[in-house]
Amino acid sequence: MAKISLIVNGNPVTANVDPRTLLVQFLRENLHLTGTHVGCDTSQCGACVVHLDGKAVKSCTTLAVMADGHEVRTIEGLAADGAPLHPMQEAFREHHGLQCGFCTPGMIMTAIDIVHRKGHELDDHTIREELEGNLCRCTGYQNIVASIAAGAKAMAKSDLA
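No experiment lies behind these values; they were computed from the predicted model shown.

A. Spatial organisation of the sheet that holds strand β5 (residues 71-73). Taken together, five strands build an open sheet; the order of strands is β2-β1-β5-β3-β4 and the sheet is mixed. Lying at the two open borders of the sheet, with one neighbouring strand each, are β2 (11-17) and β4 (55-58). Geometrically, the sheet is characterised by an average inter-axis angle of 40° between neighbouring strands, direction not taken into account. Sheet topology places strand β1 (residues 2-8) next to β5; two bridges connect them, and they run parallel.

Rendered as structure tokens:
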């Protein structure tokens, strides 16, 4: 077993884990943060995206021990219970950027990372290219792209970004 200490959604966490434990397993099974989904186990679908020190990573191919000493933010960490949604979450709701919702947490976490890297004025081509590692089996992506563009602009006006 390996002892890890990290910050998850602003809260300090210490645990003993098998060194082979994936970050997605640790989040879901140890911390019961089930908003991070397991879709493919091969880093191809993006359903498991979380932020590690502010950068998007696929938690299905990241070991929990790799997060030792770092900060992890999951979809649950974007808005506190009862608080307004994060601007990107609100944009997905407002622009119908989801259907079944399975890919949505990973899409939103990826979208926030895109905004942090590319800025608040995103064109459709850039958004589509940046979403290459995130799959949705329900939508035609148009509403996801529109949601991300709107969320990027809303993030510019928000202190939650």
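Next comes the rest of the account.
B. Representation of the nonpolar core within the structure. Membership of the largest hydrophobic core comes to 23 residues, with the highest contact counts inside it found for Met 88 and Ile 148. Elements with a minimum of two residues in this core: α2 (87-94), α3 (104-118) and α5 (142-156). The biggest single contributor to this core is α3, with seven residues. Beyond its immediate sequence surroundings of up to four residues, Ile 148 is in contact with Met 88, Phe 92, Ala 111, Leu 122, Ile 127 and Leu 131. Ile 4, Leu 6, Leu 23 and Val 50 belong to the second-largest nonpolar core, a separate cluster that totals 15 residues.

C. Layout of helix α1 (residues 23-30). For α1, every residue scored as buried is listed here: Leu 23, Val 24, Phe 26 and Leu 27. Buried residues of α1, seen end-on, are gathered within an arc of 165° and therefore sit on one face of the element. Buried residues along α1 sit against β1, β2, β3 (49-52) and β5. Immediately beyond the C-terminal end of α1, within one or two residues, lies His 32, with a positive phi of roughly 60°.

Quick notes on the rules
Residues numbered from 1 in each chain as written. Predicted model: local features only at pLDDT ≥ 70, side-chain atom pairs only at ≥ 80, totals over all residues. Heavy atoms only, no water. Pairing = 2+ DSSP bridges. Helix = DSSP H or I, 4+ residues; strand = E, 2+ residues; numbered from the N terminus. Axes fitted to C-alpha atoms, helices over the stretch in contact; angles between N-to-C directions. Core = buried A, V, L, I, M, F, W, Y, C linked by side-chain atoms within 4.5 Å. Buried < 20%, exposed > 50% of the residue type's maximum accessible area, 1.4 Å probe, protein only. Contact = heavy atoms within 4.5 Å. Arc of directions from axis to C-beta.

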